Amino acid sequence: MSRFILKRLIGSVFVLLTIVTLALWITRMAPSNPCLKERATNTCGCIAVNKLDRPVFPVYTSVPLEPVEACDAWEPASEVTLGPIHILTSGWGDTQYAHYMIPLLTSFDLGQSMKTDRGVGETLWAALPYTLQLGLQALFVALLIGVPAGLYAGLRQNTMADYSTMTLAMIGVSIPNFVLGPLLIMFFALDLGWFRPNGWDSWVDSVLPSITLGLYYAAYIARLTRGGMLEIIRKDFIRTARAKGLTEHAVVVAHAMRGAILPVVSYMGPAVAALLAGSVVVEEIFNLPGVGKLFVRAALNRDYNMVLGTVILYSTVLVFLNLLVDILYTVIDPRVSYD
Amino acid sequence: MIGLRNTSKTARAGLAMLLLLGLTGLAACDKGGGEKKPESSATAEKSATDDGFRAGSKADSFTFVVAADPETFDTAKMTGAPEGRIAMQLFEGLLIPGPTTEGLDDPKDLMRPGVAKSYDISEDGKTYTFHLREDAKWSNGEPVTSADFVYSWKRILTPGFPADYVSMLYVIKGAEAYNKSKPEEADWETVGIRAPDAKTLEVELNNPTPFFPELTAFYTFFPVPEKAVEEFGDEWTRPENIITNGAYEMTSYISQKEIKLKKSEHYWDAKNVAINEAMVRIIPDRNAVTNAYRAQELHWSGTSLPVSQIADFITHPDYRRDPLLGVYYLRVNVSKEDSPLANADVRRALSYATDRSSLVDDVLSGLYEAANSYVPNNMPGYESTTTVDYNPRKAAESLKKAGYGEGGKAMPKITLLYNSDENHKLVAESIQKQWKSNLGVEIELVNKEWKIYLQDIDNLNYDVARAGWIGDYNDPMTFLEMFKTGDGNNDTGWSSEKYDGLLEAARAEADPAKRVKILQEAETILVTEGPIIPIYFYTNNVLVSRDVKGLEPHNRDIHLLKYMSLSE
């Protein structure tokens, strides 16, 4: 098991490095750049500070921002012209990639935001607790509603209870959170005045966002659990358990439930990742100071470093959660073994 | 957010009930909140019969909104409105803006003494001598001296310093050359900034610049605390390090969430500052701002309301429509030689064919004011002499003169570029219809995301594009200067020697009346020949609680908390 974990951890590092490299390349490929503002400003200062006058990779140059010519531009090591393609070359050390990767790998420094004068690391660190709490609460809501509802429906297959639960689940899956959120705000915050319409100062303020975010997953988990239960309840060992004279309660709780929630467990990894990433819209609607909102702003502002910081954060969480789920799987299902 | 505000109350209640049914399992969660604030539901019920809602009454301290997370609190580096609004409370320049611009015709009346208690102007209008007040202090109790200004301005002008608005200081003699020189060659002695003693500051300008007093109240000209900057470097603006010289100190800042301000006890005018604490909430979404206001969490909405919600608020006593020194206009790209837009007659035709009044009244719910010129009509001490008219007949004639339309060449399709925004879309669609019906010109609407829109404008990759400009100071120059040849904000490819010459003449002119005449002439050229089609003048549509006193209309949307108070 420990060998498996080690192997996966090493693999994860390579996955993360690949993701960062690709993300860095893609951000630079996006049209426009962080230094461009509505009013003509001191673009040269911005370009110099952010090293945007360097090539992205040794044999690839994407940026040539127009005003660079007026600034003290980087001198290419050589220029190669291949038909229509004009390539400027440089050593590895003088690239945007190296400027980003070296501090990242040596001191885990995520750099400075290109939009604000604050560090990416500290900004993410300040936003992360909100997103994490929101995600975990939403997960709690999802499990609290989804698992019992799924079990309930699964045990009463083809009855009115099953149909109505699954109809509600279908509605839950169908309502997007940008519709649900404003509806909840309108009714519970503005009409009833029970909650604040936006902002996050206390736990109470996180209730509506958690419900908005969690309800979709509750509905999905209900469907997964129901499916798991239907499959497991027909198995021989359940029939044996019943034949032994165990009460229905004991059969369900001791035997069937573990198997029934297996699909839910394997869904947990992607679900948690999706909950964290999915909070983007909810954070916008409820104006929560989380990572999702940072990511959207960063992408719109072409704040390369902030985008990369959030990408690294999200991908680390995703990779780590998938690993955790694999480990958890062996605990729940004895048939699974990685040794 | 979705547009639910237009649905009937019954339908909304029905929808909410449907949700409630689906949420039966969650009812328990809701109880906590219900028990906490039972009085609010009563308020909500009462509000239906009262005047809708009453804001601010629940907040402990004066609470308002900025529309974006401030990029920086370093006044030398900032450019945006949210940063500016915070900076105006934290720092103070040589002069400060008065509470309002309403009813002021003389630009001199706009300013009040700040760190400087008075100033003298030399006869040629080029040298300003500021006399600093003895009791001006930093929030740590140390005096603000003229050396602080010299240090701060030198810091901004240092070659390579990333100050976006450094060009604001170029009115000072030698400043531009110093800023653009190589670091080792920069000679501070050539710059016209001197501090003969601790309480006197002499500034020599390139030209008599009547708006210089107002510039000194602009954040780029604010002093920064040398001690903190040298000690903490880039981190001097953190709440635990920052030292300010304005009416307020910053006590805390949470990124994307809020900024807390506290009255500075060392501020020279502290005895007249009524609001002791203020909370600035950071809310980018305008719908979220109105929701927070309706939930009685704000004293002042801070940013303009979303157009889609104006109808709900327009009759409310808290609603205000304040003037704003800004113009919404269309840029025309004149740089493509093969484009009909290179012809001034075609541009004039498009301008004549634009019915601004109907656009503003019918499409934008009358929120703004139809632009009858380029320089906004609320500029103190200036009145445009040119008007832009709606005249379809003249439009057709003008187009014909250019050789297009009936009997001439077919007019090729023109693109109209705008960035993603509901308002811009409405305006673009309306103009598309007007030009089609008045001139038969086909317009293709091109919608792009903000940053790509900026790039296209910058690269002159458009035919016609929407634009907006809010003045940096109360002088027509802030609007006219951007269209001089080669200006970084011109972005139209337009160039006129005569226009450039008039601006130069205006700069050198010491007589205010003559100067205004020259600027009026320049504006005439810009509007009749030039690359712009004015559409409307901005207004600021905000909500202000009736508990707030002293928040007066200001055409540059500058509001100092020091003038405000909350009624008991």
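Predicted model, so just to flag it, every value in this text is computed and none were measured.

Colleague: Looking at this structure, I do not really get the overall build of chain A. What am I missing?
Modeller: When helices and strands are counted, chain A shows 12 helices and 2 strands. Expressed as a percentage of contacts within chain A between residues at least 6 apart in sequence, the contacts between residues at least 24 apart total 72%. In the form shown here, chain A has an accessible surface area of approximately 15,700 Å², with 68% of it arising from carbon and sulfur atoms.

Colleague: Could you clarify how one ought to interpret the overall build of chain B in this entry?
Modeller: Counting its regular elements, chain B contains 18 helices and 18 strands. Within chain B, the proportion of its 568 residues that are buried is 56%. When the accessible surface of chain B is split by element, carbon and sulfur atoms take 49% of a total near 22,800 Å².

Colleague: Looking at this structure, I do not really get the domain arrangement of chain A. What am I missing?
Modeller: It is common to report an interface's size as the accessible area lost on association of the parts. Residue and element names in this part refer to chain A. Taken as a whole, chain A is organised into domain 1 (32-107) and domain 2 (120-332). With both chains or domains summed, domain 1 and domain 2 bury close to 520 Å², and 65% of this area falls on carbon and sulfur atoms. Its largest share of buried area at the contact with domain 2, domain 1 owes to Ser-32, Pro-34 and Tyr-100, together 72% of the area lost on that side. On the surface where domain 1 and domain 2 come into contact, there are 0 residue pairs in polar contact (both at pLDDT 80 or more).

Colleague: Just to check I follow, could you spell out the interface of chain A and chain B for this structure?
Modeller: Taken residue by residue, the interface counts 62 residues in chain A and 66 residues in chain B. For the pairing of chain A and chain B, the buried interface totals around 5,700 Å² over both sides, and the portion due to carbon and sulfur atoms is 57%. Taken together, the links from chain A to chain B amount to 8 salt bridges. Note that Glu71(B) is salt-bridged to Lys115(A), the shortest N-O span being 2.9 Å. Seen at the junction of chain A and chain B, the total is 24 residue pairs in polar contact (both at pLDDT 80 or more). Broken down by secondary-structure element, the contributors of at least two residues to the side of chain A that touches chain B are helix H4 (120-155), helix H6 (177-191), helix H7 (207-233) and helix H11 (291-301) of chain A. For the side of chain A that touches chain B, a count of residues per class yields 36 nonpolar, 12 polar and 14 charged.

Colleague: Looking at this model, I keep getting lost on the packing of H11(A) against helix H12 (residues 304-332) of chain A. Mind explaining?
Modeller: Any two packed helices are characterised by how steeply their axes cross, that is the angle between the axes, and by the distance between the axes. Residues and elements named next belong to chain A. The geometry of H11 relative to H12 is characterised by a closest axis approach of 8 Å and an angle of 140° between their N-to-C directions. With respect to H12, the axis of H11 lies oblique. H12 is crossed by H11, and the crossing has left-handed handedness. Side by side, H11 and H12 meet where Val-291, Gly-292, Leu-294, Phe-295, Ala-298 and Ala-299 of the first sit next to Met-306, Val-307, Thr-310, Val-311, Leu-313 and Tyr-314 of the second. The residue inventory of the contact of H11 with H12, partitioned by class, reads 10 nonpolar, 2 polar and no charged.

Colleague: Would you take a moment to explain a nonpolar patch on the surface for this structure?
Modeller: Residues Leu22(A), Trp25(A), Ile26(A) and Met29(A) make up a contiguous nonpolar surface patch of about 400 Å² in total accessible area. Residue placement: Ile26(A) occurs in helix H1 (residues 2-29).

Colleague: Any chance you could explain the environment of Trp194(A) here in plain terms?
Modeller: Note that Trp194(A) resides in the loop between H6 and H7. Once the C-alpha coordinates of Trp194(A) and Val204(A) are considered, the two residues, 10 residues apart in sequence, prove to be 9.4 Å apart.

Colleague: Quick question: what am I supposed to make of the state of the cysteines here?
Modeller: By definition, a disulfide links the sulfur atoms of two cysteines through a covalent bond. All names here are of chain A. Summed over the entire model, instances satisfying the criterion amount to 1 disulfide over all chains. Paired by a disulfide, Cys-35 and Cys-46 hold their sulfur atoms 2.0 Å apart. Around the S-S axis, the bridge from Cys-35 to Cys-46 shows a dihedral of about -85° and counts as left-handed. Residue Cys-35 is found in the loop between H1 and helix H2 (43-49), and its partner Cys-46 is found in helix H2; the two are separated by 11 residues along the sequence. What makes Cys-35 buried here is its relative accessible area of 3%. By relative accessible area, Cys-46 is classed as buried at 15%.

Colleague: Is there a simple way to think about helix H12 (residues 356-363) of chain B in this case?
Modeller: In an α-helix, one full turn covers 3.6 residues, which means residues spaced three or four apart are oriented alike. All names here are of chain B. Along H12, the residues that are buried comprise Arg-356, Leu-359 and Val-360. For H12, the buried positions fall inside an angular range of 90° around the axis, keeping them on one side. Close packing links the buried residues of H12 with helix H11 (344-352), strand S12 (369-370), helix H14 (422-439) and strand S16 (532-543). Of the residues one or two after H12, Ser-365 is the one with positive phi, at around 50°.

Colleague: Got a minute to help me understand the packing of aromatic side chains in this structure?
Modeller: All names here are of chain B. All told, the structure shown has 35 aromatic pairs over all chains when counted by the stated rule. Ring geometry for Tyr-536 against Tyr-538: centres 5.7 Å apart, planes inclined by 85°, an arrangement best described as edge-to-face. The same class applies to Tyr-536 and to Tyr-538, which are both buried. An aromatic cluster is built from Tyr-119, Tyr-128, Phe-130, Phe-149, Trp-153, Phe-212 and Phe-221, whose rings are joined through pairwise contacts. The ring of Trp-268 is capped by Arg-133, whose NZ or CZ atom sits 3.4 Å from the centre of that ring.

Colleague: Where do I start with the pattern of salt bridges in this structure?
Modeller: Close approach of charged atoms allows side chains of opposite charge to pair. Summed over the entire model, instances satisfying the criterion amount to 42 salt bridges over all chains. Here Arg393(B) makes a salt bridge to Glu397(B), at a shortest N to O gap of 2.9 Å. One end of the pair is Arg393(B) and the other is Glu397(B), both in helix H13 (residues 392-401) and 4 residues apart, which spans about a single turn. Judged by relative accessible area, which is 54%, Arg393(B) ranks as exposed. Among the ionic contacts, a cluster of salt bridges with common partners joins Arg196(A), Asp201(A), Asp205(A), Lys257(B), Glu258(B), Lys260(B), Arg281(B) and Glu297(B).

Colleague: How do you make sense of the domain arrangement of chain B when you look at a structure like this?
Modeller: All names here are of chain B. Partitioning chain B into domains gives domain 1 (16-66 + 262-323 + 541-566), domain 2 (90-237) and domain 3 (325-540). Contacts between domain 1 and domain 3 engage 13 residues on the former and 13 residues on the latter. For the pair domain 1 and domain 3, the summed buried area comes to about 1,200 Å², and 45% of that belongs to carbon and sulfur atoms. The tally of links from domain 1 across to domain 3 stands at 0 salt bridges. Inspection of the domain 1/domain 3 interface yields 8 residue pairs in polar contact (both at pLDDT 80 or more). Where the side of domain 1 that touches domain 3 is concerned, the elements lending two or more residues are strand S11 (319-332) and S16. No other element matches the 5 residues that S11 contributes to the side of domain 1 that touches domain 3.

Colleague: I tried to follow the sheet that holds strand S4 (residues 116-121) of chain B on my own but got confused; where do I start?
Modeller: Working definition: the strands of a sheet are paired by backbone hydrogen bonds and lie parallel or antiparallel to each other. Residues and elements named next belong to chain B. With respect to topology, 4 strands assemble into an open sheet ordered S4-S5-S7-S6, the strand pairing being antiparallel. The open sheet has two edge strands, S4 and strand S6 (193-197), and neither has a second partner. Ignoring which end each strand starts from, the neighbouring axes of this sheet average 20° apart. The strands touched by helix H5 (residues 146-157) within the sheet are strand S5 (127-132), S6 and strand S7 (200-204), with S6 carrying the most contacts at an inclination of about 160°.

Colleague: Mind showing me how you'd approach the side chain of Ser210(A) here?
Modeller: Residue and element names in this part refer to chain A. Tracing the sequence through the fold places Ser-210 in helix H7. By relative accessible area, which is 3% here, Ser-210 ends up buried. One polar contact links Ser-210 to Gln-137, side chain to side chain, over a distance of 2.7 Å. When sequence neighbours within four positions are dropped, the list of residues in contact with Ser-210 reads Leu-134, Gln-137, Ala-138 and Val-141.

Colleague: Explain helix H18 (residues 512-528) of chain B to me, please; I cannot follow it from the model alone.
Modeller: Residue and element names in this part refer to chain B. Under the 1.5 Å per step criterion, the end-to-end length of H18 is 24 Å for 17 residues, consistent within 8% with the ideal 24 Å. By the burial criterion, the buried members of H18 are Arg-515, Ile-518, Leu-519, Gln-520, Ala-522, Glu-523, Ile-525, Leu-526 and Val-527. Those residues of H18 that are buried lie in contact with helix H16 (477-480), helix H17 (497-508) and S16. One side-chain oxygen at the N-terminal end of H18 lies 3.0 Å from the backbone nitrogen of Ala-513; it belongs to Asp-511.

Colleague: Is there a simple way to explain the nonpolar core in this structure?
Modeller: Across soluble globular proteins, nonpolar side chains show a tendency to be buried alongside one another. In this structure, Phe62(B), Trp153(B), Leu157(B), Ile172(B), Leu201(B), Phe212(B) and Tyr374(B) are the most contacted members of the largest nonpolar core, which totals 119 residues. Core analysis: the second largest hydrophobic core is formed by 71 residues, Ala127(A), Ile185(A), Val204(A) and Ala218(A) among them.

Colleague: Any chance you could explain the sheet that holds strand S9 (residues 258-263) of chain B here in plain terms?
Modeller: All names here are of chain B. On the basis of which strands lie adjacent, the open sheet formed by 4 strands has the order S1-S10-S9-S8 and mixed pairing. On the outer flanks of this sheet lie strand S1 (62-66) and strand S8 (248-254), each paired with one strand and no other. Strand-to-strand, the axes of this sheet are offset by a mean angle of 20°, without reference to chain direction. The pairing of S1 with strand S10 (residues 277-282) spans 5 bridges and is parallel. Within S10, the residue paired with Val-66 across the bridge is Ile-282.

The rules behind these values
Residues numbered from 1 in each chain as written. Chains lettered and ligands numbered in written order. Predicted model: local features only at pLDDT ≥ 70, side-chain atom pairs only at ≥ 80, totals over all residues. Heavy atoms only, no water. Helix = DSSP H or I, 4+ residues; strand = E, 2+ residues; numbered from the N terminus. Contact = heavy atoms within 4.5 Å. Areas by Shrake-Rupley, 256 points an atom, 1.4 Å probe, with all protein chains shown as cover. Buried < 20%, exposed > 50% of the residue type's maximum accessible area, 1.4 Å probe, protein only. Domains from an automatic or database assignment. Buried area = accessible area lost by both parts, 1.4 Å probe. Polar contact = N/O pair within 3.5 Å; in protein donor to acceptor, adjacent residues only side chain to side chain. Salt bridge = Lys/Arg side-chain N within 4 Å of Asp/Glu carboxyl O. Nonpolar A, V, L, I, M, F, W, Y, C, P; charged D, E, K, R; others polar. Axes fitted to C-alpha atoms, helices over the stretch in contact; angles between N-to-C directions. Parallel < 35°, antiparallel > 145°, perpendicular 65-115°, else oblique. Left-handed = near helix turned anticlockwise from the far one by under 90°. Patch = residues over 30% accessible without salt bridge, like charges linked within 9 Å, V, L, I, M, F, W, Y side chains within 5 Å. Disulfide = S-S within 2.5 Å. Arc of directions from axis to C-beta. Phe/Tyr/Trp six-rings, centres within 6.5 Å; stacked < 30°, edge-to-face > 60°. Lys NZ or Arg CZ within 6 Å of the ring centre and 35° of its normal. Pairing = 2+ DSSP bridges. Expected span 1.5 Å × (residues − 1). Core = buried A, V, L, I, M, F, W, Y, C linked by side-chain atoms within 4.5 Å.

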